[in-house]
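# Overview (structure and organization)
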Amino acid sequence: MIFIDTETNNLVAESTIKREFDLLKSQNPQEYNYSFEEYLNNACGKNGFLRALR
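Read on for a plain summary of the structure.

What counts and what doesn't
- Residues numbered from 1 in each chain as written.
- Predicted model: local features only at pLDDT ≥ 70, side-chain atom pairs only at ≥ 80, totals over all residues.
- Heavy atoms only, no water.
- Axes fitted to C-alpha atoms, helices over the stretch in contact; angles between N-to-C directions.
- Helix = DSSP H or I, 4+ residues; strand = E, 2+ residues; numbered from the N terminus.
- Parallel < 35°, antiparallel > 145°, perpendicular 65-115°, else oblique.
- Left-handed = near helix turned anticlockwise from the far one by under 90°.
- Contact = heavy atoms within 4.5 Å.
- Nonpolar A, V, L, I, M, F, W, Y, C, P; charged D, E, K, R; others polar.
- Salt bridge = Lys/Arg side-chain N within 4 Å of Asp/Glu carboxyl O.
- Buried < 20%, exposed > 50% of the residue type's maximum accessible area, 1.4 Å probe, protein only.

Moving on: the packing of helix α1 (residues 14-27) against helix α2 (residues 36-43). Between α1 and α2, whose axes approach to 11 Å, the crossing angle comes to 115°. Judged by the angle between their axes, α1 and α2 are roughly perpendicular. The two elements α1 and α2 cross, and the hand of that crossing is right-handed. On α2, the residues touching E14, I17, K18, F21 and L24 of α1 are F36, Y39 and L40. Taken together, the residues that form the contact of α1 with α2 break down as six nonpolar, no polar and two charged.

Looking now at the pattern of salt bridges. Tallied over the full model, the rule gives one salt bridge. A salt bridge links D22 to K18; the shortest N-O distance between them is 2.9 Å. Residue D22 and its partner K18 are both found in helix α1; the two are separated by four residues, about one turn of the helix. For K18, a relative accessible area of 33% gives the class partly exposed.

Put into structure tokens, the structure is as follows:
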């Protein structure tokens, strides 16, 4: 799946977002103590920075 970053207007692949999330989680596991799916749902939510392209 492809997303648009609404802050930069760049297209981003889900695999890229997953790699970034895994890096963030490894660097700060207490702050990112939830799943990638939850992260993606939050990022695509009302106040999020991603929008899925269909």
